[in-house]
Amino acid sequence: MSSGTQRPRIGIIGTGAIGGFYGLMLARAGFDVHFLLRSEFDAVIRNGLQVNSAVHGALALERVQAYCSVADMPPCDWLLVGTKSTSNDGLAPIIAQASAPGAKVLLLQNGLAVEEQLRPLLPEHLHLLGGLCFICVHRVEPGVVAHQAFGAVSIGYHSGPAIDREGRQAIVEQITGMFQSAGVESHAMADLQQARWQKLVWNVPYNGLSALLKTSTAPLMADPDSRDLIQALMEEVRQGAEACGYALPPDYPRQLFETTEKMPDYKPSMHHDFVNGRPLELEAIYARPLAAALAAGCDMPRVRALYQALAFIGRHKG
């Protein structure tokens, strides 16, 4: 399909937990979705994609338009990138090869300045957007994803050929509308960088502590010492955001903390990365926010200590 049709062609780059869940939801809604896979290709071709969802029930996509090489993919009008930020150095050539002229690239990654890292490496004709996923989801085995709670995606325009506010807003509304028609809550964000700092308020404590302490959210929320530490880390991130010009409401950390208390027990993505020997997303989630806040005159000592401990275990796996 061309970009002018109602159902554009969508490519999923990185069909893990994030790409698998959102790609399956879009495909089930009738969108033309194409999945790029590496190690999971054979399993998905054989068994399809499955999402065991506590929200939507058991979902399956039996016939998957799957590819193990980007050279085999058709040019896509939208690319949803669900890979970890640790793989961004090799991402640009894949995006360039999979994209149609003027395609929109939605980067579904955690951390700060992930778009700034990727933008100089992309063709100028591509639109780059950032998306923040508020979801409890993880990969169980090749082609199988467990979805425990939530699922909303907040989206903002970063850079590209659309230079006026109306044009950028129209592009953001196009993708939020696609998600909504697929049963996924989705919102347009006026300020992408502020939204990234907001997500860091949760990601910094829970991702890092889950990997460092080899635990999940419920034990962290049950212990008085870890509860105090989580709240202190959250407040430091809020102060760092404010120093950088992104004022968050004073009670925002408390709201996230209370939301986490009501969540099902969850192992964040960094826990899974550490247990499975994968690189940790320390640059995007810790190093860049620490540097940005410090440059603005705000040190975050607890966040820095957590980062240093994570850097150690990342270098000394096993």
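Residues numbered from 1 in each chain as written. Predicted model: local features only at pLDDT ≥ 70, side-chain atom pairs only at ≥ 80, totals over all residues. Heavy atoms only, no water.

In terms of regular secondary structure, the protein chain is built from twelve helices and ten strands. Radius of gyration (C-alpha) of the protein chain: 19 Å, near the 20 Å computed for a compact globule of 318 residues. Viewed in the frame of its principal axes, the protein chain has a C-alpha envelope of about 55 × 45 × 35 Å. Counting across all 318 residues of the protein chain, residues that qualify as buried make up 56%. Of all intrachain contacts in the protein chain linking residues separated by at least 6 positions in sequence, the fraction that spans at least 24 positions is 71%. As displayed, the protein chain has an accessible area near 13,500 Å², and 51% of this comes from carbon and sulfur atoms. Counting 26 positive and 30 negative side-chain charges, the protein chain places the centres of these two groups 4 Å from one another. (Helix = DSSP H or I, 4+ residues; strand = E, 2+ residues; numbered from the N terminus. Rg over C-alpha atoms; globule rule 2.2 N^0.38 Å. Buried < 20%, exposed > 50% of the residue type's maximum accessible area, 1.4 Å probe, protein only. Contact = heavy atoms within 4.5 Å. Areas by Shrake-Rupley, 256 points an atom, 1.4 Å probe, with all protein chains shown as cover. Lys, Arg positive; Asp, Glu negative; His and termini not counted. Charge placed at Lys NZ, Arg CZ, Asp CG, Glu CD.)

On to the nonpolar core, then. Formed by 42 residues in total, the largest nonpolar core has its most connected members in Ile 10, Tyr 22, Leu 26, Leu 80, Leu 129, Ile 175 and Phe 179. Core analysis: the second largest hydrophobic core is formed by 40 residues, Tyr 206, Ala 241, Tyr 246 and Leu 306 among them. (Core = buried A, V, L, I, M, F, W, Y, C linked by side-chain atoms within 4.5 Å.)

Counted by the stated rule, this structure contains 13 salt bridges. A salt bridge links Asp 32 to Arg 9, with the nearest nitrogen and oxygen atoms 3.6 Å apart. Taken together, the positions of Asp 32 in strand S2 (residues 32-36) and Arg 9 in strand S1 (residues 9-13) put the pair 23 residues apart, joining distant regions of the chain. Comparing Asp 32 with Arg 9, the two get one shared label, buried. The salt bridge partner of Asp 251 is Arg 254, with a shortest N-O separation of 3.3 Å. (Salt bridge = Lys/Arg side-chain N within 4 Å of Asp/Glu carboxyl O.)

Between helix H8 (residues 224-243) and helix H9 (residues 252-262), the least distance of the axes is 9 Å, while the angle of their chain directions is 140°. In terms of their interaxial angle, H8 and H9 are classed as oblique. Judged by the sense of rotation from one axis to the other, the crossing of H8 with H9 is right-handed. Of the residues in H9, those in contact with Arg 227, Ile 230, Gln 231, Met 234, Glu 235 and Arg 238 of H8 are Pro 253, Leu 256, Phe 257 and Glu 261. Residue composition of the contact of H8 with H9, by class: five nonpolar, one polar and four charged. (Axes fitted to C-alpha atoms, helices over the stretch in contact; angles between N-to-C directions. Parallel < 35°, antiparallel > 145°, perpendicular 65-115°, else oblique. Left-handed = near helix turned anticlockwise from the far one by under 90°. Nonpolar A, V, L, I, M, F, W, Y, C, P; charged D, E, K, R; others polar.)

Time to look at the pairing of strand S3 (residues 49-53). Going residue by residue along S3, you find Leu 49, Val 51 and Ser 53 tucked away on one face and Gln 50 and Asn 52 left uncovered on the opposite face. In terms of strand pairing, S3 meets strand S4 (residues 57-61) through five bridges, oriented antiparallel. Pairing of Val 51 across the sheet is with Leu 59, part of S4. (Pairing = 2+ DSSP bridges.)

For the rest of this paragraph, the subject is the packing of aromatic side chains. Considering all chains together, one arrives at four aromatic pairs under this definition. Ring geometry for Tyr 22 and Phe 179: centres 5.6 Å apart, planes at 70°, overall edge-to-face. Note that Tyr 22 is positioned in helix H1 (residues 17-28) and Phe 179 in helix H5 (residues 165-181), a separation of 157 residues in sequence. For the pair formed by Tyr 22 and Phe 179, the shared burial category is buried. Where Trp 202 meets Tyr 206, the ring centres are 4.6 Å apart and the plane angle is 25°; that geometry is what we call stacked. (Phe/Tyr/Trp six-rings, centres within 6.5 Å; stacked < 30°, edge-to-face > 60°.)

Attention now goes to unusual backbone geometry. Negative phi characterises most residues that are not glycine, and trans characterises most peptide bonds. Phi angles above zero are rare outside glycine, and Ala 113 is one such case at about 65°. One can find Ala 113 in the loop between strand S7 (99-108) and helix H4 (114-118). Of note, the phi angle at Lys 214 is positive, near 55°, even though the residue is not glycine. In this structure, Lys 214 sits in the loop between helix H6 (192-212) and helix H7 (217-222).

What follows covers the side chain of Arg 9. A relative accessible area of 17% places Arg 9 in the buried class. Engagement of the side chain of Arg 9 in a polar contact is seen with the backbone oxygen of Pro 75, the distance being 2.9 Å. (Polar contact = N/O pair within 3.5 Å; in protein donor to acceptor, adjacent residues only side chain to side chain.)

This paragraph deals with the confidence of the model for the protein chain. The pLDDT averaged across the protein chain works out to 95; a share of 98% of its residues lies at or above 70. In this model residues 1-5 is a low-confidence stretch, pLDDT under 50, and it forms eight contacts with partners more than four residues away in sequence or in other chains. (pLDDT = per-residue confidence, 0-100.)

What follows is about the environment of Arg 196. Secondary-structure assignment places Arg 196 in helix H6. Residue classification places Arg 196 among the buried positions, given a relative accessible area of 1%. In the structure, Arg 196 is positioned 65 residues away from Gly 131 in sequence and 8.9 Å away in space, judged by C-alpha atoms. Each residue touching Arg 196, except ones within four places of it in the same chain, is listed here: Leu 107, Gln 109, Asn 110, Gly 111, Leu 112, Val 114, Glu 115, Gly 130, Gly 131 and Leu 132. Of the polar contacts made by the side chain of Arg 196, one reaches the backbone oxygen of Gln 109; its length is 2.8 Å.

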